[in-house]
Amino acid sequence: MKLLIIGGTGKTGRELIKQGLEAGHTITALVRNPKKLKITHKKLKVKKSDVLLPESLDLPFQDQDAVISALGHKRFFIKTSILSRGTQNCIDAMQKHHVTRFICITSLGINESRFKLGIYYTLFTIPLILYFYFLDKSKQEKLIMKSHLEWTIVRPGQLTNGKKRTTYKHSTKVGHYIFTKMISRASVAHFILQNITSLTYKYKAVGIVN
Ligand SMILES: NC(=O)c1ccc[n+]([C@@H]2O[C@H](COP(=O)([O-])OP(=O)(O)OC[C@H]3O[C@@H](n4cnc5c(N)ncnc54)[C@H](OP(=O)(O)O)[C@@H]3O)[C@@H](O)[C@H]2O)c1
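Nothing here was measured: the structure is a model prediction, and the numbers come from that model.

Reading the values: the criteria
Residues numbered from 1 in each chain as written. Predicted model: local features only at pLDDT ≥ 70, side-chain atom pairs only at ≥ 80, totals over all residues. Heavy atoms only, no water. Helix = DSSP H or I, 4+ residues; strand = E, 2+ residues; numbered from the N terminus. Rg over C-alpha atoms; globule rule 2.2 N^0.38 Å. Buried < 20%, exposed > 50% of the residue type's maximum accessible area, 1.4 Å probe, protein only. Contact = heavy atoms within 4.5 Å. Phe/Tyr/Trp six-rings, centres within 6.5 Å; stacked < 30°, edge-to-face > 60°. Near = heavy atom within 4 Å. Polar contact = N/O pair within 3.5 Å; in protein donor to acceptor, adjacent residues only side chain to side chain. Areas by Shrake-Rupley, 256 points an atom, 1.4 Å probe, with all protein chains shown as cover. Pairing = 2+ DSSP bridges. Axes fitted to C-alpha atoms, helices over the stretch in contact; angles between N-to-C directions. Salt bridge = Lys/Arg side-chain N within 4 Å of Asp/Glu carboxyl O. Core = buried A, V, L, I, M, F, W, Y, C linked by side-chain atoms within 4.5 Å.

Caption draft 1: Local environment of the overall build of the protein. Each helix and strand counted, the protein has six helices and 10 strands in total. The globule rule puts the C-alpha radius of gyration for 210 residues at 17 Å, and the 16 Å found for the protein is close to it. Over its C-alpha atoms, taken along the principal directions, the protein stretches across nearly 45 × 35 × 35 Å. When the 210 residues of the protein are sorted by exposure, 52% land in the buried category. In the protein, the share of contacts with a sequence separation of at least 24, taken over all contacts with a separation of at least 6, comes to 73%.

Caption draft 2: Geometry of the environment of Pro60. Tracing the backbone through its elements, the reader meets Pro60 in helix α2 (residues 58–61). Here the alpha-carbon distance between Pro60 and Lys116, two residues 56 residues apart in the chain, equals 35 Å. Apart from residues lying up to four places away in sequence, Pro60 is in contact with Leu4, Thr28, Leu30, Lys47 and Ser49.

Caption draft 3: Examining the packing of aromatic side chains more closely. A complete count under the given rule lists seven aromatic pairs for this structure. Note on Tyr168 and Phe191: the rings are 6.0 Å apart at their centroids and 85 degrees apart in plane angle, and the pair reads as edge-to-face. With a gap of 23 residues between them, Tyr168 in the loop between β7 (158–160) and β8 (169–171) and Phe191 in helix α6 (residues 185–194) connect regions that are remote in the sequence. Ring plane angle 55 degrees and centroid distance 6.0 Å describe the contact between Phe191 and Tyr201, whose orientation is recorded as tilted. Of this pair, Phe191 sits in helix α6 while Tyr201 sits in the loop between α6 and β10 (204–209), and the two are 10 residues apart along the sequence. Here the aromatic cluster, defined as three or more aromatic residues joined through ring pairs, consists of Tyr120, Tyr121 and Phe124.

Caption draft 4: Structural view of the environment of Ser184. Note that Ser184 resides in strand β9 (residues 182–184). Residue Ser184 is classed as buried on the basis of its relative accessible area, which comes to 4%.

Caption draft 5: Inspection of the site of the ligand at higher detail. Near the ligand there are 24 residues, and of these Thr9, Thr12, Lys36, Leu71 and Tyr133 occur at the shortest range. Gly10 places a polar main-chain atom, nitrogen or oxygen, 2.8 Å from an oxygen atom of the ligand. Gly72 is positioned with one of its backbone polar atoms (N or O) 3.2 Å from an oxygen atom of the ligand. Bound to the protein, the ligand loses 86% of the 930 Å² it would expose on its own. Among the secondary structure elements, those contributing two or more residues to the shell around the ligand are α1 (11–22), α5 (131–145) and β7.

Caption draft 6: Looking closely at the sheet that holds β8. Taken in spatial order, the eight strands line up as β3-β2-β1-β4-β5-β6-β10-β8 in an open sheet, and their pairing is mixed. If you trace the sheet from one side to the other, it starts and ends with β3 (44–48) and β8, each paired once. This sheet shows a mean twist of 20 degrees between the axes of neighbouring strands, independent of strand direction. Sheet topology note: the strand β1 (residues 2–6)/strand β4 (residues 66–69) ladder contains four bridges and is parallel. Counted as the bridge partner of Ile6 is Ser69 from β4. The strands touched by α1 are β1, β2 (26–31), β3, β4 and β5 (101–105); relative to β2, the strand with the most contacts, the crossing angle is about 165 degrees.

Caption draft 7: Local environment of the pattern of salt bridges. Scanning the model with the defined rule gives six salt bridges in all. A salt bridge links Lys202 to Glu150, with the nearest nitrogen and oxygen atoms 3.6 Å apart. Separated by 52 residues along the polypeptide, Lys202 in the loop between α6 and β10 and Glu150 in strand β6 (residues 150–156) bring together distant segments of the chain. Salt bridges here are not isolated pairs; linked through shared partners, they connect Glu112, Glu141 and Arg155.

Caption draft 8: Focus on the nonpolar core. Among the nonpolar cores identified, the biggest contains 32 residues, and Ile6, Phe61 and Val67 are the most heavily contacted of them. Taken together, the elements giving at least two residues each to this core come down to β1, α3 (82–96), β5, α4 (119–128), α5, β6 and β10. Here the element with the most residues in this core is α3; it accounts for five residues. Non-local contacts of Phe61, meaning those with residues more than four positions away in its chain, are made with Leu4, Ile6, Leu30, Val67, Cys90, Ala93, Met94, His97 and Val99. Grouped together as the second largest cluster of nonpolar side chains are 27 residues, Ile5, Val154, Phe191 and Tyr201 included.

Structure below.
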């Protein structure tokens, strides 16, 4: 398939590119800084774009079968709309170019998975550090849900740089109110690539943890 990966220079984005190429897909990586991407491959195209600049999205979204978003940032302490605005721009670009399949990574703890990232996140990390970030992620999810795309939202537990597993827990119910469940970025990438064409989680927000 022809896959567009948003956030290709990020830790999960790189895993998606690496595993996507290994699986034989043709990958376009949407990145702000191509120099940051150290992967080269004959089936990898790199497009310099910024999701906050709609005019930069035309080329990357052309002629794709599916779009995967691993968009994220570290501006935690200020009010932000990077994820929601950036995602709305991507949704608009997909509609313009008739690309329908969209898989987007958000997080456990958002919307109806509230409190499912464990008590430490619920009482400390989310209210004190990630408050604005999670508010924006919640908006981001709602925009995806009301879009006309064939969407799947993937909500991981706490991300690690551990090895890829091919067995893990995924459902609309995973996560824990007390304990923080983890999952490696490599396993999240594996799950997403397995689910591009699957109907199981179409129009659903699915949690994933070890
Ligand atoms: N950390 C956790 O425990 C955890 C848990 C659950 C979910 N998540 C979520 O999982 C997702 C992936 O996490 P990660 O650690 O792989 O993220 P990451 O390493 O921070 O990567 C984020 C990517 O988004 C890109 N990006 C940011 N702003 C952009 C813009 N305006 N236009 C285009 N690209 C832009 C970054 O590009 P640059 O390289 O140019 O900055 C980077 O490639 C995030 O949404 C994160 O919040 C994280």
